[in-house]
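# Understanding the architecture of this molecule
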Amino acid sequence: MVRLIGKKTKIAVFISGNGSNLKNLIKVSKKKKSNFQISLVLSSKKNAKGLIFAKRNKIITKIFYYKNPLKEDKKILKTLKINDIKFICLAGFMKILSKNFIQKFAGSIINIHPSLLPKYKGLNTHNRVLNKNEKYSGCTVHFVNSKLDSGEIILQKKVKILKTDTSISLQKRILKQEHILYPKALQKILS
Ligand code: GAR
């Protein structure tokens, strides 16, 4: 697959918001044993908090609003090429990538989603899970294909739902697990 022997794979992380997964991936990427380095952070929002972590770590950042994928795809692909990006991690990226873009990076884009896929694809996951009185939720790292949250699953982590859970408390506990799961999945597929 994407393996470059003896080298760390250059990845880009796409974000739209808080960037806690990004922050955590940056931390893990700095470990000696890590097989990836984050060379580019792309945000669909100019005020995304995650951009602060990227800048603090001297990682190149770019803003693409992705309002017109047809026009923006070309620019993004060019930026990825210039920065020698071999792999893309979506981390709280709230835009849907075009089919064309996904095809160009086929097999080299992964995403983290805060549910046990294939259950609860899309937005507002935690509220929907609680409304259905589920006993468990969790998070999933999966390959990105042209259907929303439907690509091949790489790793999942189950999280027990407590009687006292609100969508906020559940979101917090799942996010903690995301921070363990995402680097694990990345390390797995790049090895
Ligand atoms: C995470 O919970 C991630 O799983 C979710 O957005 C949050 C981003 O948090 N992603 C999706 O819902 C994608 N459909 P972060 O910005 O702190 O990493």
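Note that this is a predicted model, so its numbers are computed, not measured. (Residues numbered from 1 in each chain as written. Predicted model: local features only at pLDDT ≥ 70, side-chain atom pairs only at ≥ 80, totals over all residues. Heavy atoms only, no water.)

## Here we look at the pattern of salt bridges
Opposite charge on two side chains permits them to pair, given that their charged atoms come into close proximity. This is how the line gets drawn: Definition used for salt bridges: Asp or Glu carboxyl oxygen within 4 Å of a side-chain nitrogen of Lys or Arg. Each helix is a run of DSSP H or I of at least 4 residues and each strand a run of E of at least 2, with the numbering of both proceeding from the N terminus. Burial classes follow relative accessibility: with a 1.4 Å probe on protein chains only, a residue under 20% of its type's maximum area counts as buried, one over 50% as exposed, and anything between as partly exposed.
One pass over the full model with this rule turns up three salt bridges. Here glutamate 134 and lysine 119 are joined by a salt bridge, their closest N and O atoms 3.2 Å apart. Of this pair, glutamate 134 sits in the loop between helix 5 (125-131) and strand 6 (136-143) while lysine 119 sits in the loop between strand 5 (109-113) and helix 5, placing them 15 residues apart in sequence. Under the relative-accessibility criterion, lysine 119 is labelled partly exposed at 44%. In this structure, arginine 173 engages aspartate 165 in a salt bridge whose closest nitrogen and oxygen atoms are separated by 2.7 Å. Since its relative accessible area comes to 27%, arginine 173 is described here as partly exposed.

## A few points about the nonpolar core
The nonpolar side chains of soluble globular proteins are, as a tendency, buried together. Operational definition: What we call a nonpolar core is a set of buried Ala, Val, Leu, Ile, Met, Phe, Trp, Tyr and Cys residues that are connected through their side-chain atoms within 4.5 Å. Residues are treated as being in contact if the distance between any of their heavy atoms lies within 4.5 Å.
One finds Val13, Ile38, Ile110 and Leu186 to be the most contacted residues of the largest nonpolar core, which totals 36 residues. The element best represented in this core is helix 6 (residues 167-189), accounting for seven residues. Residues contacting isoleucine 110, with those up to four places away along its chain left out, are Phe87, Ile88, Cys89, Leu90, Val141, His142, Phe143, Val144, Ile154, Tyr182, Leu186 and Ile189. The next biggest cluster of nonpolar side chains, apart from the first, holds 19 residues, and it includes Ala12, Phe93, Ile109 and Val144.

## Thoughts on the pairing of strand 4 (residues 87-90)
We count it as follows: Being paired, for any two strands, means DSSP has found at least two bridges between them. A clockwise path from the first strand over the helix to the second, with the strands pointing away from the viewer, defines a right-handed crossover.
Here strand 4 shows two buried faces, one formed by Phe87 and Cys89 and the other by Ile88 and Leu90. Here strand 1 (residues 9-15) pairs with strand 4 via four bridges, running parallel. Each residue of the ladder has a partner; that of valine 13, found in strand 4, is cysteine 89. In the sheet, strand 4 pairs with strand 5 via three bridges, with the strands oriented parallel. If you follow cysteine 89 over to strand 5, its bridge partner there is isoleucine 110. Between strand 4 and its parallel partner strand 5, the chain crosses via helix 4 (residues 99-104), and the hand of that crossover is right-handed.

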